Every structure is written in C-alpha cells, then in structure tokens.
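Each chain is listed here by its residues.
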Amino acid sequence: MGNSASSGVEEVRRLIAHRGRHPVISLYLDLDPEEFATPPARSTEIRSLIDTAAKQIEAQAGLDHEDRIALREDLRRIDAFLSSPDAPFKGARALAVFSSSTEDLFETIKLSGPVQRQVVIEPTPYVAPMITAMEQRRWLVALVSRRSGLVLAGSPDGFDERDRVEDDVRGQGEGGGWSQANYERSIEADVEAHLKRIAEIVNLRWRAERFDRIAIGGLQETVPRFEELLADEVRRNLAAGRVEVDFSSATEAQIREAVEKLVAEDQKRTERETLDRLEDALGAGGRAAGGPQATLEALNERRVSTLLIEPGFDGRGKRCSSCGLLLLEGEDRCPADGSELQEVDHLREAVVEAAVAQDADVLVVRSYPDLGPHRGIAALLRF
Ligand SMILES: [Zn+2]
C-alpha cells in the first residue's frame, strides 16, 4: 500500500505510467480546515463522497460485470481506509486516493493545495487535480541574525527545520581593555564568520539536495551581508522578497506564516512573468501556442516547455487509438494515420498527462485573467 507523505511530480509520473486494462477509482477528498477541521464534519464529507462514488459505479456505462464488482470492492477498501486511524489527514489540505484492486493499485497522496471533491472512474489514475493542488517547487529557506541561523527546507505543504546555528558572537560592552574601534571590528569579524558558516551550510545543501528556489530573511542589516556570501548558483534562484521575521523571538507559527507569505508572492510573480513571456512570444509569432487547438498540436509534437492552464480549464476531446494523438472534438479519424478515435472525457487530464510526459512544467494561472482570450490554455514552446 503506497501512502506518501508529500506530493511531487515523480508521483504523478509514476501514476500516469499505470495503464492497466481495468478501471481505476480516483477520489479527491477536500480537507479545508475551515469546513472539515472536526472529525464529525470530516466523516460527513467522507460519507457523502463514498455515496457519490457508489452511485457513479452503478451508473458508469461500458463496464463489464466483473469490473463493476471489483470497483464496489475498491470502494469498500477506500471507505475502510478513510474511516481508519491510518488515514493521513494530519497536515493535508486535501487527499487523493487511487484504487484498482484488479490492478494491484492502492495509493493515497496528501495534497498541499485545495481541490474540488471529485470521483473519477477511468482506465488510468486521474492526476490533473494533483498537479493543480501541488506546488512543484522545493524551497530552501535561510533566516539569519547576528548570532543565530535557521535553515528550513520543504514546499508550501510544510517546512522542516534542517539546521540551527548559534554562534558565540560577543555583545556590546564586553570589551575589556580594547579600544572601542578595535573591539567593534572584532565583533564584526565574528558576525562575518557566523554568517559565512550559515552560507556554507546553505551552499552545501543546495548542491546536495534538489531545490528550485531559495528564500532568505531575518534581521534586516544582516540579510544583505548574508546574501553576498551565497554561491552564484544559489543566488540565481533567490526569491525577490525577503522573509520578514525576527526569528529569535517569533513562534514557529509566525515563522511559517512569514515563509508562506513570501512563497505565495513568489508564485504570483512567476505567473505574471510567465504570462508576459507568453504574450511577447505570441505577439512576435514566436515559440508559444494560445488556445486549445494550437496547444494540443504543440503537445502532440512534444514541443511544450510550460503548459499554462486556468484552474477551471476542461472539456472533451479525442485520442487516436493507434498513435495517441490528442484532438479536439469534431474529428472523426486521426489525421496522421486514419485510425479510429477514442473519446476523451477530461481534456484537462489529457493535457496535464501529456505535459508531464514531455517534462514540461505545468503552471495553473490563478492570479490573472490573461488566459481568458485563449480559452483557458496556452503553452510556451521549446522550439
Ligand atoms: Zn493516429
């Protein structure tokens, strides 16, 4: 039984590699703390979702008898799991469950972002909401003061403390017989050595682990000095803002809040920059696709580097049963090889899977309405 503590693009990759012959139940449970914080509220939500799934299994067209029986069994298994103490609700904003007993598949994945409650029964795990909910970026966070340092790592669904540094930097007024000027120079040298020590920890971690972004912060005057000590490769990935927190006196919750605020701002800035690049490239007739038709063509040609979609983008489409080409509705035969086409009920899922399969980033654009004229979908292209 797979039961993962965090979500990542590797999990999505693994799930979409699962293409069995039997249907899979994909179930998304919303755990919004404002609505479902108490166990009774959560139980009611689980009950309602299981009922929805049960109706869907009975109403699902095109299932043979054995598959339907297997799906009922899957649902009993999901129900038992979600009602058990093993259910990993703690720290999750939502939960995804994938089950197909005939395919030996049972996975639960905690999600950091909100999802709509949903049940999908299809031959493959339905992963699009996972991508939408998940922040794919891994963050390293370093907070500094004149004598302390705190290094955190994680993603918006949670940060862990990795290193805590306390150096013996003397305070003012312990100078003994030194002249004041000499004494202050000596203190500053101690502070510099202290900041260097934290920078080395950060530089090493950056190289040893895989991070996408770094945020720094802490007490104002030490932060620019610390920034200069970071390796070039680290600095290149520095978030524009600073984590504004005095971590010597802040609670863990306050530190977390300050980090999350910066990560959210960084996400918004990424959306803006990516949309600007899209607009420039489309205006110049360059490496970009706008709208479902052009984006599907680019995905089929494996040219996409970043797929941009609105949170609500979906639709129906078709897929060539022979070469896998994705097409919009209205086609009867594959234009490439004349083969028959299969119905695609969730175009959103199909485009996200195609993007992940060609190592493209998927960016869900939440903060700006720019994708409206492109009917909710566009792409930046590699060539
Ligand atoms: Zn084809």
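Everything below is about the structure printed above this text.
Sequence order as written defines residue numbering, which begins from 1 separately in each chain. Note on the predicted model: pLDDT of at least 70 is required for a residue's local features to be given, and 80 or more for side-chain atom pairs to be given and counted; whole-chain, interface and lining totals, by contrast, use all residues. The side-chain figures draw on all heavy atoms in the structure; neither hydrogens nor water molecules are used.

Q: Honestly, the nonpolar core in this entry has me stumped. Any pointers?
A: Soluble globular proteins tend to bury their nonpolar side chains together. What we call a nonpolar core is a set of buried Ala, Val, Leu, Ile, Met, Phe, Trp, Tyr and Cys residues that are connected through their side-chain atoms within 4.5 Å. Summary of the burial criterion: residues with accessible area below 20% of their type's maximum are buried, those above 50% are exposed, and those between are partly exposed, where the area comes from a 1.4 Å probe applied to protein chains only. Counting 42 residues, the largest nonpolar core has Y28, F98, L111, M130, V304, I309 and V351 as its most contacted members. Residue contributions to this core peak at 7 residues, all from helix α11 (residues 347-357). Within the second largest apolar cluster, 24 residues are counted, among which are V151, A153, V202 and W206. Think of it this way: any DSSP run of H or I at least four residues long counts as a helix, any run of E at least two long counts as a strand, and we number them from the N terminus.

Q: Sorry if this is basic, but what is going on with the sheet that holds strand β7 (residues 148-155) here?
A: Through backbone hydrogen bonds, the strands of a sheet pair up, either in parallel or in antiparallel fashion. Two strands pair if DSSP finds at least two bridges between them. One open sheet holds the 4 strands; their spatial order is β8-β7-β6-β9, and the pairing between them is mixed. Two strands lie at the open edges of the sheet, namely β8 (158-166) and β9 (213-218), each paired on one side alone. Averaged over all adjacent pairs, the angle separating strand axes in this sheet is 20°, with direction ignored. Packed onto the sheet, helix α9 (residues 252-283) meets β6 (139-144), β7, β8 and β9 and runs at close to 130° relative to β6. Where helices are involved, their axes are fitted lines through C-alpha atoms of the stretch in contact, as for all axes, and angles between N-to-C directions lie from 0 to 180°. It only takes one pair of heavy atoms within 4.5 Å for two residues to be counted as in contact.

Q: Any chance you could explain the coordination of the zinc ion here in plain terms?
A: By definition of the ideal shapes, a tetrahedral metal site with four donors has angles of 109.5 degrees and an octahedral site with six donors has angles of 90 or 180 degrees. The donor definition counts N, O and S atoms within 2.8 Å of each metal and applies 3.2 Å to Na, K and Ca; water is not among these atoms, so some sites may look incomplete. Taken together, the protein ligands of the zinc ion are C320 (SG), C323 (SG), C334 (SG), D337 (OD) and D337 (OD), with distances of 2.2 to 2.7 Å. Within one chain, the residues serving as donors to the zinc ion are arranged as C-x2-C-x10-C-x2-D. With C320 in strand β12 (residues 317-320) and C334 in the loop between β13 (326-328) and β14 (341-344), this residue pair connects regions lying 14 residues apart in the sequence. The exposure class of C320 is buried, given its relative accessible area of 2%.

Q: What exactly am I supposed to notice about the environment of A258 here?
A: With respect to the element layout, A258 can be found in helix α9. Along the primary structure A258 and E45 are separated by 213 residues, whereas in three dimensions their C-alpha atoms are 31 Å apart.

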